[in-house]
Amino acid sequence: MKDQQMKKMIKGIAAPLPLANVDTDVIMPKRFLITITREGLADGTFADLRFDNAGGPRPDFILNKAPWTQANILVVGDNFGCGSSREHAVWGMRQLGIDACIGTSFAGIFYDNARKNGLALPIVSPETRDLLLQAAGNGAEITIDLSGRTITAGDIRAPFEMDAATQTALIRGRDDTLDSLEHAGAIRDYEAGLKSQMRVSVIK
Amino acid sequence: MSRTLYDKLVDAHKVCDLPDGDMLIYVDFHIMNEYTSPQAFSGLDAKGLDVWRTEAHLAVVDHVNATRSNEPHDKASKLLIDNLESNCTKHDIAFYGLGDPRQGIEHVVVPEQGLVIPGMLIACGDSHTTTYGAYGALGFGIGTSEVEHVLATQTLRYKRMKTMRVLIDGETAPGVTAKDIIMKVVQVVGAGGANGFAVEFAGSAVRHLDMAGRMTVCNMAVELGARAALIAADEVTEAALQGHSHSGRFAFYGESWHSDPEAVFDNEVAIAGGDIEPLVTWGTSPDQSVPITAHVPVASDYVSPKAKAALARSLNYMGLTEGQSAQSIAIDTAFIGSCTNSRIEDLREAAKILEGRKVAVGVEAIVVPGSAMTRIKAEAEGLRAIFEAAGFEWRPEAGCSMCLAMNDDIAMDGERVASSTNRNFEGRQGRGARTHLMSPAMVAAASVAGHLADVRDFK
C-alpha cells in the first residue's frame, strides 16, 4: 500500500549551519566520488568540515558536538547546495541520517536531487530561518509537517514553501522513473510528431 | 502572445502535464560522463528497464582521467572509465573514450561535433550544461537519478522557471573578455541570485562575442544559480553550425529561437559593458571578485555581522589580509583548462600574452586543451610551441583535470592557483587549495608576473 510508505512528519534535533553558499564540493569532496555505487558516502559527507587533515574529528564543528551529533535536520544558510550536480552530496547526507534541511534558498539541481532521495528542503523566510537557527543552537527539537507545510520548534510556528510535486514525491516516496513510464503513450505521441531532422542520432 | 526564448523552448518540448503540477519535457540529446552515470545504469538494471532511445545519448570520459597520458592513473578511475564503456556497449550508446580522437571535455566536444543546434533541449549530469544556451538551445544539469530517468523515458519531470534578462550593452574595453563579463554578472547578481530562474543574456556586448565567448558566459551562469542560460541564435550561431561531423543531420525549425520583442521577463538586470574591468576572485565563492586594479575588501565594506564573518572566513581560508591589493597576491600555480575556458580561442588569447615571455621562477604552469581536436588544432597553429617556450606544461590528453581535481592534478594544501576555471570553492582544486578565477589571458599574465597581474600591462 502506498499509504504505508507515507512520510508526513519529520521530527528531531536540528543543527545550525549558518554559512551561506555551502556548495556540493564542501558537502561531498571529490575524493569520495570515485565510486560506481551510491553506498559508503556517510563518512565523506562534510568531511573537510568534520575531520582534520589527520582524520580526527574537529571538536568545534557543530555535527561533532552533543546534542547535534544526533541531528537529523539542518538549518542552513542561503543558497545551500550550489555548484556541482553530484547527487553523491544528497546520498551522503541521507546516509549520515539527515532527513531535512531548512533554508531560504537552494540551488536547483540540489533541490531536485534531494526530492529523488527523500531529503526534504522546506523553504522559509530569512526571519524564520534566523529564529530556527537560534532554536537549533539551543538544542530545540524541530517538527516539519510535510502535509501541512508547517514547521514548529518551541514557540515558533511558521509556514514553509514547497512545490506540490516535490511535496507529493516526498510524502509518497515515489519512484519518478517508474511513475513517468505510466505516461509512455504521451511520450510516443510526442515523438511521432517530431520531424526526422529533430531526432538526434549520435555518430558512434 | 509574446514569449521569451526560454518559454518557446519549454513549450516546444512539453510532452504532457502531470497531475501533481510537474510536466514531462522531451530531451532531444543527453550527454553522460563516467562519474555521474554509473548509478543511473545500475538503477535501470535494478528496475529491469531498457534505454528508451539509444541513439540520442553520448557518453564521454572527461572528469577522472589523467591528462598526462591516455592510461588511467589509478585503479579507481579505471573502474569508472571501464564501467562507462561497458554500460555503453551493453545499451548500444555512442562512447567517446580515452584514445578516441573525438574525446575531450563534454561541453567542448559537443559543439565541436556539431551536436548542439538552436532549439534543442540538452540534459547532462553536469551543472555546466548551461553552456549550450550559447546556441539558443536549452541545456541544463541534472543529477544521477534524473540521468536514469532520461535513459528510461527520454524525458524529465520539469517545472517552468521564472525568467531573468541580463542586458549588457556597450562596448567592452580592450583586455576585457567573456570571462570578465560573466564574472561581473555573478558579482552583481550574486552566487544564488538566479536560483529558480532561466537567464537570457542580451545586449550589444553579448552579441559581439564569438561562440566561444558566448559559451563561457552561459557556462558560468550556473554560478549565479541559473538552471538555464540562453543567448538568442543569430548569424554568428548559424555560421558556427557548419563544418562539423554532425552538421546538417538535424534541425529544429518552426520557431525563431529568440525572445519576442514584447516578451516580459520576471526580472531584469542591466550592466554597462564599458564598466567591466578584468576581474579576479579573492574569496571562496565565484561572486567574491574585484577588478585586478583593486583591493581585497575590508570588514567595514560590509554592514551585517553575517557578511563580516563570511569575509573573515574566506580570507582565512585564502590566506589573504583585508585590503591587500589584488596584484600583490603571489601564485604557485597557473592552470588553463576546463569547460569554461579551454577552447582554441581561449588558448590563442593566452598564447598572445605568453609569446616571447617566460613563466616566473617557482610557478608551475599547466595547460590542458579541452579536447583532442582542440589540442591538434592548437599544435598545428603553433600554440603548443609558444606555451612550451614560455615554460608551460602542455598536456597531451584532454579532460577536466585541475578544475575539480578528480584526476591526479590536485593542488596541495595552501597552494595558490591562478585558474581559468569556474569555481573557487573551498577544497575545489584540492584540500586547502586556494583558487583565483580569471580569464585565460589573465592566468597567462599571472604566470609571467608570479602574482595576479593586469593583462592590460602586457602589450
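On a predicted model such as this, the values are computed, not experimentally measured, just so you know. Numbering of residues starts from 1 in each chain and follows the order in which that chain's sequence is written. Think of it this way: whatever chain is written first is A, whatever ligand is written first is 1, and the rest follow in order. Predicted model: local features are reported for residues with pLDDT of at least 70 only, side-chain atom pairs are reported and counted for 80 or more only, and whole-chain, interface and lining totals are derived from all residues. By convention in this description, side-chain values take in all heavy atoms of the structure and omit both hydrogens and water.

Describing the overall build of chain A
Moving on, step 1. Segments assigned H or I by DSSP are reported as helices when at least four residues long, segments assigned E as strands when at least two residues long, and all are numbered from the N terminus. Along the backbone of chain A there are eight helices and six strands.
Moving on, step 2. Starting at the N terminus, the α and β elements of chain A follow one another as β-α-α-β-α-β-α-α-β-β-β-α-α-α.
Moving on, step 3. By its C-alpha atoms, chain A is 60 × 45 × 35 Å across when sized along the principal axes.
Moving on, step 4. Accessibility here uses a 1.4 Å probe with only protein chains present; expressed as a share of the type maximum, an area under 20% marks a residue as buried, one over 50% as exposed, and anything in between as partly exposed. For chain A, buried positions account for 54% of its 204 residues.
Moving on, step 5. In what follows, residue pairs with any heavy atoms lying within 4.5 Å of each other are defined as contacts. Taking the intrachain contacts of chain A between residues at least 6 apart in sequence as the baseline, contacts between residues at least 24 apart amount to 67%.
Moving on, step 6. Total accessible area on chain A is roughly 8400 Å²; 51% of this is exposed by carbon and sulfur atoms.
Moving on, step 7. Under this rule, positive means Lys or Arg and negative means Asp or Glu; His and the chain ends count for nothing. Taken as the charge centre is NZ of Lys, CZ of Arg, CG of Asp or CD of Glu, depending on the residue. Across chain A, the centroid of the 23 positively charged side chains sits 5 Å from that of the 25 negatively charged ones. Throughout, the Shrake-Rupley method with a 1.4 Å probe supplies accessible areas, and for residues the shown protein chains are the sole cover considered.

Some thoughts on the pairing of strand β19 (residues 434-437) of chain B
Working note: regular strand, side chains alternate between the two faces of the sheet.
Residues and elements named next belong to chain B.
Moving on, step 1. The two faces of β19 match: Arg434 and His436 on one face and Thr435 and Leu437 on the other face are all buried.
Moving on, step 2. At least two bridges found by DSSP between two strands are what make those strands a pair. As judged from the four bridges shared by strand β18 (residues 416-419) and β19, these two strands associate in the parallel manner. Paired with serine 419 across the bridge in β19 is leucine 437.

A closer look at the interface of chain A and chain B
Moving on, step 1. Every contact between the two is made by 71 residues of chain A and, on the other side, 81 residues of chain B.
Moving on, step 2. Summed over both sides, the interface between chain A and chain B buries roughly 6200 Å², with carbon and sulfur atoms accounting for 55% of that surface.
Moving on, step 3. Salt bridges are defined as contacts in which a side-chain nitrogen from Lys or Arg sits within 4 Å of a carboxyl oxygen from Asp or Glu. Here chain A and chain B share 12 salt bridges between them.
Moving on, step 4. Between A:Asp25 and B:Arg428 there is a salt bridge; the shortest N-O distance is 2.9 Å.
Moving on, step 5. Pairs of N or O atoms within 3.5 Å make up the polar contacts considered here, provided that, within protein, one atom can donate a hydrogen while the other can accept it, and that residues adjacent in sequence are counted only when both atoms are side-chain atoms. Applying the counting rule to chain A against chain B returns 40 residue pairs in polar contact (both at pLDDT 80 or more). Two parts placed together each lose some accessible area; with a 1.4 Å probe, that loss summed over both constitutes the buried area.

As for the packing of aromatic side chains
Moving on, step 1. Between 30 and 60 degrees the pair is tilted, below 30 it is stacked and above 60 it is edge-to-face, where a pair is any two Phe, Tyr or Trp rings, Trp via its six-membered ring, whose centres lie within 6.5 Å. In the structure shown here, the tally under the stated rule is seven aromatic pairs over all chains.
Moving on, step 2. Here A:Tyr190 and B:Tyr26 contribute two aromatic rings whose centre-to-centre distance is 4.9 Å and whose plane-to-plane angle is 35°, an arrangement assigned as tilted. In this pair, A:Tyr190 sits in helix α8 (residues 184-192) while B:Tyr26 sits in strand β2 (residues 23-26), so the two residues belong to two different chains. The exposure classification of A:Tyr190 matches that of B:Tyr26, with both residues buried.
Moving on, step 3. With a centroid separation of 5.3 Å and 80° between ring planes, the pair formed by B:Phe387 and B:Phe392 is classed as edge-to-face. The two residues B:Phe387 and B:Phe392 agree in class, both being buried.
Moving on, step 4. Counting every residue linked through ring pairs, the aromatic cluster contains A:Phe80, A:Phe106 and A:Phe110.

Structural notes on the pattern of salt bridges
Moving on, step 1. Scanning all chains against the criterion turns up 50 salt bridges over all chains.
Moving on, step 2. For B:Glu148, the salt bridge goes to B:Lys47, with nearest N and O atoms at 2.5 Å. Residue B:Glu148 is located in helix α5 (residues 144-153), and its partner B:Lys47 is located in helix α2 (residues 38-47); the two are separated by 101 residues in the primary sequence.
Moving on, step 3. B:Glu148 sits in the buried class, given a relative accessible area of 3%.
Moving on, step 4. Judged by its relative accessible area of 29%, B:Lys47 falls in the partly exposed class.
Moving on, step 5. One salt bridge in this structure joins B:Lys78 and B:Asp82, with 2.8 Å as the shortest N-O distance. Taken as a pair, B:Lys78 and B:Asp82 lie in helix α3 (residues 75-91) at a separation of four residues, close to a single helical turn.
Moving on, step 6. Residues participating in the shared-partner salt-bridge network are A:Arg115, A:Lys116, A:Asp163, A:Arg174, A:Asp176, A:Asp179, B:Asp20, B:Asp22, B:Arg157 and B:Lys159.

A look at the domain arrangement of chain B
Residue and element names in this part refer to chain B.
Moving on, step 1. Domain delimitation follows an automatic or database domain assignment. Domain annotation for chain B reports domain 1 (5-268) and domain 2 (279-454).
Moving on, step 2. Domain 1 and domain 2 are separated by 24 Å when their C-alpha centres are compared.
Moving on, step 3. Together domain 1 and domain 2 conceal approximately 3500 Å² of surface at their shared face, both sides included; 56% is due to carbon and sulfur atoms.
Moving on, step 4. The largest share of the area that domain 1 buries against domain 2 comes from Thr67, Arg68 and Ile105, three residues that together contribute 20% of it.
Moving on, step 5. Taken together, the connections running from domain 1 to domain 2 amount to three salt bridges.
Moving on, step 6. Counting the contacts that link domain 1 with domain 2 gives 27 residue pairs in polar contact (both at pLDDT 80 or more).
Moving on, step 7. Every element with two or more residues in the side of domain 1 that touches domain 2 is listed here: α4 (106-112), α6 (178-189) and α8 (211-219).
Moving on, step 8. With six residues, α6 is the single largest residue contributor to the side of domain 1 that touches domain 2.
Moving on, step 9. Note on residue categories: nonpolar means Ala, Val, Leu, Ile, Met, Phe, Trp, Tyr, Cys or Pro, charged means Asp, Glu, Lys or Arg, and polar means any other residue, Gly included. Across the side of domain 1 that touches domain 2, the residue classes tally to 14 nonpolar, 18 polar and nine charged.

Observations regarding the nonpolar core
Moving on, step 1. Residues belong to one nonpolar core when they are buried, are Ala, Val, Leu, Ile, Met, Phe, Trp, Tyr or Cys, and are joined through side-chain atoms within 4.5 Å. Counting residues in each nonpolar core, the largest one holds 168 residues, and the members touching the most others are A:Phe46, A:Phe80 and B:Phe201.
Moving on, step 2. It is α6(B) that contributes the most residues to this core, seven residues altogether.
Moving on, step 3. Composition of this core by domain shows at least three residues from each of domain 1 (5-268) and domain 2 (279-454) of chain B.
Moving on, step 4. Sequence-distant contacts of A:Phe46, defined by excluding residues within four places in its chain, comprise A:Leu17, A:Val22, A:Val26, A:Ile27, A:Phe61, A:Leu63, A:Leu74, A:Phe80, A:Met93 and A:Leu96.

Some points on unusual backbone geometry
Trans is the prevailing form of peptide bonds, just as negative phi is the prevailing case for residues other than glycine.
Moving on, step 1. Going from A:Ala66 to A:Pro67, the amide bond is cis rather than trans, its omega being 0°.
Moving on, step 2. Checked against the element boundaries, A:Pro67 lands in the loop between α2 (47-50) and β2 (73-76).
Moving on, step 3. One non-glycine residue, B:Asp92, lies in positive phi territory at about 65°.
Moving on, step 4. Note on placement: B:Asp92 falls in the loop between α3 and β5 (94-96).
Moving on, step 5. By relative accessible area, which is 43% here, B:Asp92 ends up partly exposed.
Moving on, step 6. Phi is positive for B:Ala405, which is not a glycine, with a value near 55°.
Moving on, step 7. Of the residues examined, B:Ala405 reaches a relative accessible area of 2% and is grouped as buried.

A short note on the packing of helix α11 (residues 344-354) of chain B against helix α12 (residues 372-380) of chain B
All names here are of chain B.
Moving on, step 1. Contact geometry of α11 with α12 gives a least axis separation of 10 Å together with a crossing angle of 40°. The pairing of α11 with α12 is recorded here as oblique in orientation. Two packed elements cross with a definite hand, and for α11 against α12 that hand is right-handed. Facing α11, whose interface residues are Ile344, Leu347 and Arg348, α12 presents Thr374, Lys377 and Ala378. To obtain an axis, a line is fitted to C-alpha atoms, over the contacting stretch when the element is a helix, and the angle between two such axes runs from 0 to 180 degrees between their N-to-C directions. The cut-offs work like this: below 35 degrees is roughly parallel, past 145 is roughly antiparallel, 65 to 115 is roughly perpendicular, and the gaps in between are oblique. When the near helix sits turned anticlockwise from the far one by under a right angle, the crossing is termed left-handed; a clockwise turn instead gives a right-handed crossing.

Points about helix α4 (residues 108-116) of chain A
Two residues of an α-helix separated by three or four positions point the same way, owing to the 3.6 residues in each turn.
All names here are of chain A.
Moving on, step 1. Counting buried positions along α4 gives seven out of nine residues, so the element sits mostly inside the fold.
Moving on, step 2. Taken residue by residue, α4 has Ile109, Phe110, Tyr111, Asp112, Asn113, Ala114 and Arg115 as its buried positions.
Moving on, step 3. In the segment just after α4, glycine 118 is the residue with positive phi, at about 70°.

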